[in-house]
Amino acid sequence: MSQPPKNTAELLERCYLIAGLTLGQLAEQCQLQLPANLQREKGSVGQLLELVLGASSGSKAEPDFPHLGIELKTLPVDRFGKPLESTYVCVAPLTDVAGLHWQGSWVCRKLSQVLFVPILAERTIPLAERQIGTAFLWSPDAEQQALLRQDWEELMELIVLGGIDQIKGAHGKVLQLRPKAANSKALTSAIGAEGQPIQTLPRGFYLKASFTASLLARQFGA
């Protein structure tokens, strides 16, 4: 594992050095074995990049590069640079949520500064042949921050009021709430429509693909 980068410039230099490599080439450099596919090990690409770039938070509730305040997110794209899926941010709290506010939320803190690493990852490309793109740093501007906050507040209000089962992926302009579980038996506690405790699938916050597409277009002028 690489040592954590001393500063942002060193982190970006590491990104520059791996841009253009395939995941197979990078794994070989690290003497690691890639899984045959991502069906059961969806997080393996992110873990490989964390290892190479020196992320140090592990599973702690803090950014991947805590001393820099930077979160790492891989961004699977097609050959035209279009995101292939929404981007996972973090698990959504479903109980003890009264009194939570945007600035203190884990979503806000996670998205305060993000290092996006695009990966050419069309389904037809074998995992080892998928290519690492040019990484870029992003922090939400005032307009983006307002959109994220509005979506978060509306989704959290539904959770507080017992409307968890009413929330669909279409909710939200830039941020959505979706089930986040390895299987349908992994249930967690939540608030029901009558205020009663219920069991439901864990949920996660995701950036919509249309939003990350706009970030890519702004960054690379597509």
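Structure: see above.
Residues numbered from 1 in each chain as written. Predicted model: local features only at pLDDT ≥ 70, side-chain atom pairs only at ≥ 80, totals over all residues. Heavy atoms only, no water.

Description of the overall build of the chain
Counting its secondary structure elements, the chain contains six helices and nine strands. A compact globule built from 222 residues would reach a C-alpha radius of gyration of about 17 Å, and the chain, at 18 Å, matches this within 12%. Projecting the C-alpha coordinates of the chain onto the three principal axes gives extents of approximately 55 × 40 × 35 Å. Taking all 222 residues of the chain together, 43% fall into the buried category. Long-range contacts, defined as pairs at least 24 residues apart, comprise 65% of the intrachain contacts of the chain with a sequence gap of at least 6. Summing over all exposed atoms, the chain offers an accessible surface of approximately 12,000 Å²; the carbon and sulfur share of this is 52%. Across the chain, the centroid of the 21 positively charged side chains sits 3 Å from that of the 21 negatively charged ones. (Helix = DSSP H or I, 4+ residues; strand = E, 2+ residues; numbered from the N terminus. Rg over C-alpha atoms; globule rule 2.2 N^0.38 Å. Buried < 20%, exposed > 50% of the residue type's maximum accessible area, 1.4 Å probe, protein only. Contact = heavy atoms within 4.5 Å. Areas by Shrake-Rupley, 256 points an atom, 1.4 Å probe, with all protein chains shown as cover. Lys, Arg positive; Asp, Glu negative; His and termini not counted. Charge placed at Lys NZ, Arg CZ, Asp CG, Glu CD.)

With respect to the environment of Gly54
Along the chain, Gly54 turns up in the loop between helix 3 (44-53) and strand 1 (71-77). For the pair Gly54 and Asp64, spaced ten residues apart in sequence, the C-alpha to C-alpha distance is 8.9 Å.

Here we look at the packing of aromatic side chains
The full count for this structure, using the stated rule, is six aromatic pairs. Ring plane angle 75° and centroid distance 5.9 Å describe the contact between Trp138 and Phe211, whose orientation is recorded as edge-to-face. Of this pair, Trp138 sits in strand 5 (residues 136-138) while Phe211 sits in helix 6 (residues 209-220), and the two are 73 residues apart along the sequence. Accessibility expressed as a relative area gives 6% for Phe211, which makes it buried. A cation sits over an aromatic face here: Arg178 above Tyr206, 4.0 Å from the ring centre. (Phe/Tyr/Trp six-rings, centres within 6.5 Å; stacked < 30°, edge-to-face > 60°. Lys NZ or Arg CZ within 6 Å of the ring centre and 35° of its normal.)

Describing the pairing of strand 1
Burial analysis of strand 1 places six of its seven residues in the buried class, which makes it a mostly covered element. Summarising the sheet, strand 1 and strand 3 (residues 114-120) pair through seven bridges and their orientation is parallel. Residue Thr74 lies in a different strand from strand 3, and its bridge partner there is Val117. (Pairing = 2+ DSSP bridges.)

What about helix 1 (residues 8-18)?
All of the buried residues along helix 1 are Leu11, Arg14, Cys15 and Ile18. Viewed end-on, helix 1 has its buried residues packed into an arc of 100°, placing them on one side of the element. Exposed residues on helix 1 whose side chains face more than 90 degrees from its buried face are Ala9, Tyr16 and Leu17. In this fold, the buried residues of helix 1 make contact with helix 2 (23-29), helix 3, strand 3 and strand 4 (131-132). One side-chain oxygen of the residue at the start of helix 1 lies 3.3 Å from the amide nitrogen of Ala9, identifying that residue as Asn7. Positive phi appears at Gly20, one or two residues downstream of helix 1, with a value of about 95°. (Arc of directions from axis to C-beta. Polar contact = N/O pair within 3.5 Å; in protein donor to acceptor, adjacent residues only side chain to side chain.)

Examining the side chain of Thr87
Take Thr87: it is sitting in strand 2 (residues 87-91). By relative accessible area, which is 5% here, Thr87 ends up buried. Residue contacts for Thr87: discarding those within four places in its chain leaves Lys73, Thr74, Leu75, Phe116, Phe205, Tyr206, Leu207 and Thr212.

A closer look at unusual backbone geometry
Phi is positive for Gln31, which is not a glycine, with a value near 55°. Along the polypeptide, Gln31 turns up in the loop between helix 2 and helix 3.

Brief notes about the nonpolar core
One finds Val107, Trp138 and Phe205 to be the most contacted residues of the largest nonpolar core, which totals 33 residues. The biggest single contributor to this core is helix 5 (residues 142-160), with five residues. One finds Leu68, Leu115, Ile132 and Ala135 within the second-largest nonpolar core, a separate group that totals 25 residues. (Core = buried A, V, L, I, M, F, W, Y, C linked by side-chain atoms within 4.5 Å.)

Considerations on the pattern of salt bridges
Applying the stated criterion across every chain yields a total of seven salt bridges. Residues Arg218 and Asp141 are paired through a salt bridge, measuring 2.8 Å at the closest nitrogen-oxygen approach. In this pair, Arg218 sits in helix 6 while Asp141 sits in the loop between strand 5 and helix 5, placing the two residues 77 residues apart along the sequence. Across the salt bridge formed by Arg203 and Asp165, the nearest N and O atoms sit 3.6 Å from each other. Taken together, the positions of Arg203 in strand 9 (residues 203-207) and Asp165 in the loop between helix 5 and strand 6 (175-179) put the pair 38 residues apart, joining distant regions of the chain. Classification of Arg203 as buried rests on a relative accessible area of 9%. Taken together, the salt bridges that share partners define one network made up of Glu71, Lys73 and Lys110. (Salt bridge = Lys/Arg side-chain N within 4 Å of Asp/Glu carboxyl O.)

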